[in-house]
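Working through the structure, step by step
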Amino acid sequence: MRWALVLFTVLAAQAWAKEKHHDCPHRYPTDLAKQGAEKTRNELSEGKPLYQLEVFDAEDGFKPLQTHTLGLRTNSRERKFRGFHVSVEKKDAKCKSGRLKAYHKGVKELKHCNLLIHAKDEPKVKVPLTWKAPSCGCVTIRATVLEDDTKYYLDDGRHDDGPLTKTVCAREDAEDDVKVKNEMVGGKEDVDNFDPESKMEYEPKPEHPNKPEYVPKPEYEEKTGDEMKPEYKPKPEYEEKTGDEMKPEYKPKPEYEEKPEYEPKPGDEMK
């Protein structure tokens, strides 16, 4: 009974995966071609494409794990398009293809297929798209444009670059930043997993070994006890006077000095 349940689960998963893959529309519009639509040359004039896929800041390389803005537009306002199909495929087996995302109301996201299609059958001049880049490698983004029920445009699948096909790779400097970040995370894990019983001792170094530790002073320092008494200074035994202190006190003389009355001398009475 148990093995029968396991077998049923496996077969159901395979059937779901097959149906899931079958639901993903192909970049080549088979149903439209059966109705008589023709593939048309994507050229406006003098080598300029009529419809164009843009990758903007990822033109010279994408930043790993970052979200980039893409765009699908027409170079002639008189030749608008009504539908589109945008997909992405990886070029390196060890890396992923990233994730296409829709944030515009005219874009429909098929998450299980990792592609974007039009949500409304109405004339369009340009459509903004988003793509979250993988951590490494190169990817090829392809677009198919439906001008109407009779014409569609797409690049040759054997080519990796064209007006509606862009191949971009991870920037080398961005990959170095990711490696450095991973090494820093690994070093942090090594410190966290350090065994204290091992012979090696781990001591973190101070940021500024020669800089003294800063101790803030209190705004008001309260004094108590002997610190509040005034300092005692003994007086000298002899205080030397100098300058004006050595001069005698000035006393003004009276203007008129009274003379004492006449006093008889001895012998005057005998005369």
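In case you missed it, the structure is sitting above this.
Criteria and cut-off values
Residues numbered from 1 in each chain as written. Predicted model: local features only at pLDDT ≥ 70, side-chain atom pairs only at ≥ 80, totals over all residues. Heavy atoms only, no water. Helix = DSSP H or I, 4+ residues; strand = E, 2+ residues; numbered from the N terminus. Buried < 20%, exposed > 50% of the residue type's maximum accessible area, 1.4 Å probe, protein only. Contact = heavy atoms within 4.5 Å. Areas by Shrake-Rupley, 256 points an atom, 1.4 Å probe, with all protein chains shown as cover. Core = buried A, V, L, I, M, F, W, Y, C linked by side-chain atoms within 4.5 Å. Disulfide = S-S within 2.5 Å.

What follows concerns the overall build of the chain. Within the chain, the regular secondary structure consists of three helices and 11 strands. Ordered by position in the sequence, the α and β elements of the chain form the string α-α-β-β-β-β-β-β-β-β-β-β-β-α. Taken across its 271 residues, the chain has 26% of its residues classed as buried. Considering only contacts within the chain whose residues lie at least 6 apart along the sequence, 68% involve residues at least 24 apart. Looking at the chain as shown, the accessible area adds up to about 23100 Å², and 51% of this sits on carbon and sulfur atoms.

Once that is clear, we can look at the nonpolar core. Core analysis: the biggest nonpolar cluster contains 27 residues, and Leu72, Val86, Trp131 and Leu164 have the highest contact counts within it. Broken down by secondary-structure element, the contributors of at least two residues to this core are β2 (51–54), β3 (67–74), β4 (83–90), β8 (126–132) and β9 (138–146). Excluding anything up to four places from it in sequence, Val86 contacts Leu100, Leu115, Leu116, Leu129, Ile141, Arg142 and Ala143. Counting residues in each nonpolar core, the second largest holds five residues, with Leu32, Ala37, Tyr152 and Leu154 among its members.

So, on to the state of the cysteines. One pass over the full model with this rule turns up three disulfides. Covalent S-S linkage joins Cys24 and Cys113, the inter-sulfur distance amounting to 1.9 Å. A torsion of -90 degrees about the S-S bond marks the disulfide between Cys24 and Cys113 as left-handed. Of this pair, Cys24 sits in the loop between α1 (2–22) and α2 (30–34) while Cys113 sits in the loop between β6 (107–110) and β7 (115–118); the two residues are 89 residues apart in sequence, bridging distant segments of the chain. In this structure Cys24 comes out as partly exposed when scored by relative accessible area, which is 22%. Covalent S-S linkage joins Cys138 and Cys169, the inter-sulfur distance amounting to 1.9 Å. Its S-S torsion of about 110 degrees marks the bond between Cys138 and Cys169 as right-handed, since a negative value means left-handed. Separated by 31 residues along the polypeptide, Cys138 in strand β9 and Cys169 in strand β11 (residues 165–169) bring together distant segments of the chain.

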